[in-house]
There are 2 protein chains.
Amino acid sequence: MTFDEALGVLKKRGQKMTPQRSTVLRTLMESSRPMTAQEVYREVTKVHPHVSLDTVYRNLTLLTDVGLVHQSNLQNRDVARFEFQGDEHRHYAICLNCHKSIRLDWCPVETKLMTQALRKQFSIVKHAFEVYGYCAECRFLRSASA
Amino acid sequence: MTFDEALGVLKKRGQKMTPQRSTVLRTLMESSRPMTAQEVYREVTKVHPHVSLDTVYRNLTLLTDVGLVHQSNLQNRDVARFEFQGDEHRHYAICLNCHKSIRLDWCPVETKLMTQALRKQFSIVKHAFEVYGYCAECRFLRSASA
DNA sequence: CTATATGCAAATGCTTTGCAAATCC
DNA sequence: GGATTTGCAAAGCATTTGCATATAG
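Below is a short write-up of the structure. What you are looking at is a predicted structure, and each value in this text was computed from that prediction instead of being measured. (Residues numbered from 1 in each chain as written. Chains lettered and ligands numbered in written order. Predicted model: local features only at pLDDT ≥ 70, side-chain atom pairs only at ≥ 80, totals over all residues. Heavy atoms only, no water.)

**Brief notes about the relation of the copies chain A and chain B**
Least-squares fitting of chain A to chain B yields an RMSD of 0.2 Å, with the transformation described by 0.1 Å of translation along the axis and a rotation of 180°. What the rotation and shift describe, once combined, is the action of a two-fold rotation axis. Every residue of chain A has its C-alpha some distance from the rotation axis, and the shortest such distance is that of F129 of chain A, at 2.1 Å. (Least-squares fit on C-alpha atoms with pLDDT ≥ 70 in both.)

**Remarks on the pairing of strand β6 (residues 122-135) of chain A**
Counting buried residues in β6 of chain A gives 11 out of 14 residues, a clear majority hidden from the surface. When strand β4 (residues 91-95) of chain A meets β6 of chain A, the two strands line up parallel, connected through four bridges. Residue pairing for β6 of chain A: A93 of chain A is matched across the bridge by V131 of chain A. As paired elements, β6 of chain A and strand β6 (residues 122-135) of chain B share 13 bridges and run antiparallel to each other. Bridging across to β6 of chain B, A128 of chain A finds its partner in E130 of chain B. (Buried < 20%, exposed > 50% of the residue type's maximum accessible area, 1.4 Å probe, protein only. Helix = DSSP H or I, 4+ residues; strand = E, 2+ residues; numbered from the N terminus. Pairing = 2+ DSSP bridges.)

**Description of the packing of aromatic side chains**
One pass over the full model with this rule turns up three aromatic pairs over all chains. In this structure an aromatic cluster arises from ring pairing among W106 and F129 of chain A together with W106 and F129 of chain B. Across from the ring centre of F3 of chain A, 4.0 Å away, lies the NZ or CZ of R26 of chain A, which sits over that ring. (Phe/Tyr/Trp six-rings, centres within 6.5 Å; stacked < 30°, edge-to-face > 60°. Lys NZ or Arg CZ within 6 Å of the ring centre and 35° of its normal.)

**Thoughts on the pairing of strand β5 (residues 101-104) of chain B**
When a strand is regular, its side chains alternate between the sheet's two faces. Residue and element names in this part refer to chain B. Here β5 shows a clear split, with I102 and L104 buried on one side and none of S101 and R103 buried on the other. Bridging between strand β4 (residues 91-95) and β5 involves four bridges; their strand directions are antiparallel. Across the sheet, residue Y92 finds its bridge partner in β5, namely R103.

**Some points on the sheet that holds strand β5 (residues 101-104) of chain A**
The strands making up a sheet associate through backbone hydrogen bonding, with each pair oriented either parallel or antiparallel. If you trace the six strands from one edge of the open sheet to the other, you get β5(A)-β4(A)-β6(A)-β6(B)-β4(B)-β5(B), paired in mixed fashion. Pairing within the sheet leaves two strands with one partner each, and these edge strands are β5 of chain A together with β5 of chain B. If you compare each strand with its neighbour and ignore which way they point, the axes differ by 25° on average. Relative to β6 of chain A, helix α5 (residues 112-119) of chain A is tilted by about 145°, and along the sheet it contacts β6 of chain A together with β4, β5 and β6 of chain B. In the packing of helix α5 (residues 112-119) of chain B onto the sheet, contacts are made with β4, β5 and β6 of chain A together with β6 of chain B, and the angle to β6 of chain B comes to roughly 145°. (Axes fitted to C-alpha atoms, helices over the stretch in contact; angles between N-to-C directions. Contact = heavy atoms within 4.5 Å.)

**With respect to the pattern of salt bridges**
Residues and elements named next belong to chain A. With the rule as written, the count across this model stands at eight salt bridges over all chains. Between E39 and R33 there is a salt bridge; the shortest N-O distance is 3.7 Å. Look at E39 and you get buried, because its relative accessible area is 19%. Between D54 and R58 there is a salt bridge, with the nearest N and O atoms lying 2.8 Å from each other. Taken together, the positions of D54 and R58, both in helix α4 (residues 53-66) and four residues apart, correspond to about one turn of that helix. (Salt bridge = Lys/Arg side-chain N within 4 Å of Asp/Glu carboxyl O.)

In structure tokens form, the structure reads like this:
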């Protein structure tokens, strides 16, 4: 999805386009991994030194509501993370040691096996799927030290 | 899993069994749905009026670490929820309107399609999977009012 | 007897909100 | 011009932590 297409989605909903909002959106679009609100804030600050953190939060929430952005929570009581999803989205395996995100090319909700039964009694809006464990490197380090 | 078997898991790790801890464990074992820390606290209070909320939190964390309890976060920036899982665990579809949890009889990580590729580069410790949307009743109400 | 667990109270840190001023369309 | 958005500051709220005391094994 292009930046202009994303803008179209916002305009269709009667949302205005401010410099701050467009920078938040662009930041997420250019990122290759899910970002925390703080990380987005830091990036946006480079362009607009006067943004406030709450503006970033408000925009992240708006973009998520509109469906342009996907929010994921680490199960480990960690902070929320946001990523641009456009038309397709991703899931991640997250290392409990180094916190690296490894992208999965698989989505449980696209599995017929699961959806067939569920869709009859439930209309799916969104979903969360995350795997936690140890990446190859950290697994190696752990087995070495044990 | 019986209560005594669960105790065995704790003893094996050198954990002590206190009245508070055993009540937290029993509460989760007897619950048919995931509970928030506050809900557990309220239940435990009925038996031990003097428990503190942080003791409940500490025990929930311990039981989760040990693997007896499964923690789920609602993606909607809601509070964490805990449920006894014993040997098998569950996933839920959560209604965005009435917040009802509908149990799924399906787990993405038990799908060979997904695990084959992942296990080569990652050792899975736990995972989170939740579906959000509208249950049959709330879907009906929404379409009626629209 | 010693490690573990508890209670209390205070702190932490992410996220949200009220309000007046600024700004987009 | 009128609704939306921003910035500031303060509040909210789930969760965590330090520390002295109590308790399990």
